[in-house]
Amino acid sequence: MKIFQLVSVFALLLILSPLANADKISDHTLKLPIDESSTTKHSTKVNGKKFSYTATTGTQPVWDSEGNPTASLFYTYYKRSGVKDKSTRPLLISFNGGPGSASVWMHVAYTGPRVLNVDNEGYPLQPYGVKTNDYSILDVADIVFVNPVNTGYSRVLPDKDGKMPSKDKQKSMFFGVNADVKYLADWVNTFVTRNNLWRSPKYLIGESYGTTRVSGLALELQSRQWMYLNGVILVSPTDIGIKRDGPVKAANRLPYFAAAAWYHKALNSDLQQKDLLDILPEVEKFTIEQYIPALAKGGFISQQEKQAIAEKVSYYSGLSVKEVLRSNLDISASYFWKELLRDREQTIGRLDSRYLGVDEKVTGSRPDYNAELTSWLHSFTPAINYYLREELNYKTDIKYNMFGNVHPWDRTNNNTGKNLRLAMAQNPYLNVMIQSGYYDGATNYFDAKYTMWQLDQSGKMKDRLSFKGYRSGHMMYLRYEDLKAANDDIRQFIKASLPNKKQAAKYDATSPK
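Cut-offs applied
- Residues numbered from 1 in each chain as written.
- Predicted model: local features only at pLDDT ≥ 70, side-chain atom pairs only at ≥ 80, totals over all residues.
- Heavy atoms only, no water.
- Helix = DSSP H or I, 4+ residues; strand = E, 2+ residues; numbered from the N terminus.
- Rg over C-alpha atoms; globule rule 2.2 N^0.38 Å.
- Buried < 20%, exposed > 50% of the residue type's maximum accessible area, 1.4 Å probe, protein only.
- Areas by Shrake-Rupley, 256 points an atom, 1.4 Å probe, with all protein chains shown as cover.
- Lys, Arg positive; Asp, Glu negative; His and termini not counted.
- Charge placed at Lys NZ, Arg CZ, Asp CG, Glu CD.
- Core = buried A, V, L, I, M, F, W, Y, C linked by side-chain atoms within 4.5 Å.
- Contact = heavy atoms within 4.5 Å.
- Pairing = 2+ DSSP bridges.
- Expected span 1.5 Å × (residues − 1).
- Bend = angle between axes of the 7 residues up to and from the residue.
- Polar contact = N/O pair within 3.5 Å; in protein donor to acceptor, adjacent residues only side chain to side chain.
- Axes fitted to C-alpha atoms, helices over the stretch in contact; angles between N-to-C directions.
- Parallel < 35°, antiparallel > 145°, perpendicular 65-115°, else oblique.
- Nonpolar A, V, L, I, M, F, W, Y, C, P; charged D, E, K, R; others polar.
- pLDDT = per-residue confidence, 0-100.

Asker: Tell me about the overall build of the protein chain, residues and numbers included.
Answerer: For the protein chain, the count of helices and strands is 16 helices and 14 strands. Here the C-alpha radius of gyration of the protein chain, 26 Å, is about what a compact globule of 513 residues would show, namely 24 Å. Structurally, the protein chain occupies a C-alpha span of about 105 × 65 × 45 Å along its principal axes. Expressed as a percentage of its 513 residues, the buried residues of the protein chain come to 54%. With an accessible surface of roughly 24300 Å², the protein chain has 51% of that area assigned to carbon and sulfur atoms. The averaged location of the 52 negative side-chain charges in the protein chain is 5 Å from the averaged location of its 65 positive side-chain charges.

See below:
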């Protein structure tokens, strides 16, 4: 009897021991599938026309120089059904920014076939979810949404010995301006090859930091992958390495200030009664011709000129002359978000200044939180998790990272703007379009214009550069009217940048000057 009891106890201990349960525990370890995909079939209606399409969700690896997988990227690929000739069917490769942001925003709110359930101005509604995108560009181009490392379901993989790379090693591999561009170019090459898309016209679209990413990719794809593009679309662009420091950085905020103040009816009545697009050219002219030169004089500006400039800045910004003078004519964006509606005890949003916030205290120099971002996360997070799992049938217990751990990000040697210019010079087919919202206070529209003007100072390629503005913010497409307008602009950009069969990629000879 005692022997039986001892055996029973021993068996129980064995069952409970870590060694015995190692296999069972490992069965429940979260693991990213390195290379798999799933395809579902759908139909939609765009601009009144019905058609079918497939949606492929999956992971595709990034490999090192020895052929070992170092990361796996999650993607969603939409392909219109019934297309007979792939060589004439454009492919749009889409990235969001951050850095560290998933490719969720443009996926389920802009160009994809399904968009958020939000009201006509972009504010969240319940029940959360998605609905048909009446204006998706899927009618004219297939789309792949790519999630960089540590965003969405994309993850770094253990090395060949089963160990995770150190933080420094991961940074050198993935988390920096140039590392990011390099591994993503390799990934795009693999994707294009696997899907037999080498002959298809190709376009890149990036939003916010994604504009830095695609600007760098344009040259990286040409130089290292020998892959040439037809177009690059910059949505709410960063500086893409084109510096806007000192007086230019400070003054360039004013046209945005004017737009936000106009929206909130905070301008003088003579300006307020005008349409926004009648006011902005006037503010832009003042900014370039008077405001920048005045700020350049710094502390040596005369009191008379300083007073005159302060009054004009006050007139266009909705702030008091006193506040402008207290800031020495240089008003920070964060102070503007707090100050503009201080008398109403409200703050305005950073990425979209149409949004209102309520701080704990009316005093202070910046808002307690970003009113627009908290509103967006209301609707985006449940929508993408529902959509991928229940409509596209991609099921995993791995968390979908709206924002992933990619910091510290190496921002050194950011020459992406110069690289985009060189890519355009090398490729006469390559066109660039910029899209900006007038109420975006993070990457303001006048900075975007300035970047476009500085991109090619020779002026020889300005006919291949275009700018489109919208009465919305950073994600202009959240406003229903601009969802239509912005997608239509992409649609027309793609159609206009597809050369006819007899149009060679070359420059015509010019006469000596």
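Once you've had a look at it, read on.
Asker: Pulling in residues and values, what's your account of the nonpolar core?
Answerer: Grouped together as the largest cluster of nonpolar side chains are 96 residues, with contacts concentrated most on Val232, Tyr291, Ile331 and Phe336. Setting aside residues up to four positions removed in sequence, phenylalanine 336 forms contacts with Tyr256, Phe257, Ala260, Ala261, Ser317, Leu319, Ile331 and Ile348. The next biggest cluster of nonpolar side chains, apart from the first, holds 56 residues, and it includes Tyr135, Tyr153, Ile233 and Tyr387.

Asker: Summarise the pairing of strand β4 (residues 91-95); cite the residues concerned and give the values.
Answerer: Counting buried positions over the five residues of β4 gives five, a clear majority of the element. Burial along β4 is two-sided: the face carrying Leu91, Ile93 and Phe95 and the face carrying Leu92 and Ser94 are both buried. With four bridges joining them, β4 and strand β7 (residues 142-146) adopt parallel strand pairing. Across the sheet, the residue bridging to isoleucine 93 is valine 144, located in β7.

Asker: Any details on helix α9 (residues 276-296)? Residues and values, ideally.
Answerer: The end-to-end C-alpha distance of α9, which contains 21 residues, comes to 28 Å, matching closely the 30 Å that a straight helix rising 1.5 Å per residue would cover. At threonine 287, α9 shows its largest bend, some 45°. Structurally, α9 contributes buried residues whose contacts are with α6 (246-251), α7 (254-263), α8 (269-272), α10 (303-317) and α15 (445-455). N-capping of α9 is provided by aspartate 275, with a side-chain oxygen placed 3.1 Å from the backbone N of leucine 277. Downstream of α9 by a residue or two, glycine 298 has a phi angle that is positive, lying close to 55°.

Asker: Can you break down the packing of α7 against α10 residue by residue, with the values?
Answerer: Running from amino to carboxyl end, α7 crosses α10 at an angle of 45°, the nearest separation of the two axes being 7 Å. Between α7 and α10, the interaxial angle falls into the category oblique. On the side of α7, the interface is formed by Leu254, Phe257, Ala258 and Ala261, while α10 contributes Val313, Tyr316 and Ser317. Residues that form the contact of α7 with α10 fall into these classes: six nonpolar, one polar and no charged.

Asker: Kindly report on the pairing of strand β2 (residues 49-63), identifying the contributing residues and their values.
Answerer: With eleven of its 15 residues buried, β2 lies for the most part within the structure. When strand β1 (residues 36-46) meets β2, the two strands line up antiparallel, connected through eleven bridges. The residue bridging valine 46 from the neighbouring strand is lysine 49, located in β2. Taken together, β1 and the strand that follows it, β2, pair antiparallel across an intervening segment of two residues, in which asparagine 47 is found at a positive phi of about 50°. Sheet topology note: the β2/strand β3 (residues 69-80) ladder contains eleven bridges and is antiparallel. Bridge pairing links glutamine 60 to leucine 73 in β3. From the end of β2 to the start of β3, which pair antiparallel, there are five residues, and glycine 67 there has a positive phi angle of about 85°.

Asker: Quick rundown of the confidence of the model for the protein chain? Include the residues and the values.
Answerer: Considering every residue of the protein chain, the mean pLDDT works out to 93; 95% of them sit at 70 or more. Residue range residues 1-22 is modelled with pLDDT below 50. Its contacts to residues more than four positions away, or to other chains, number four contacts.

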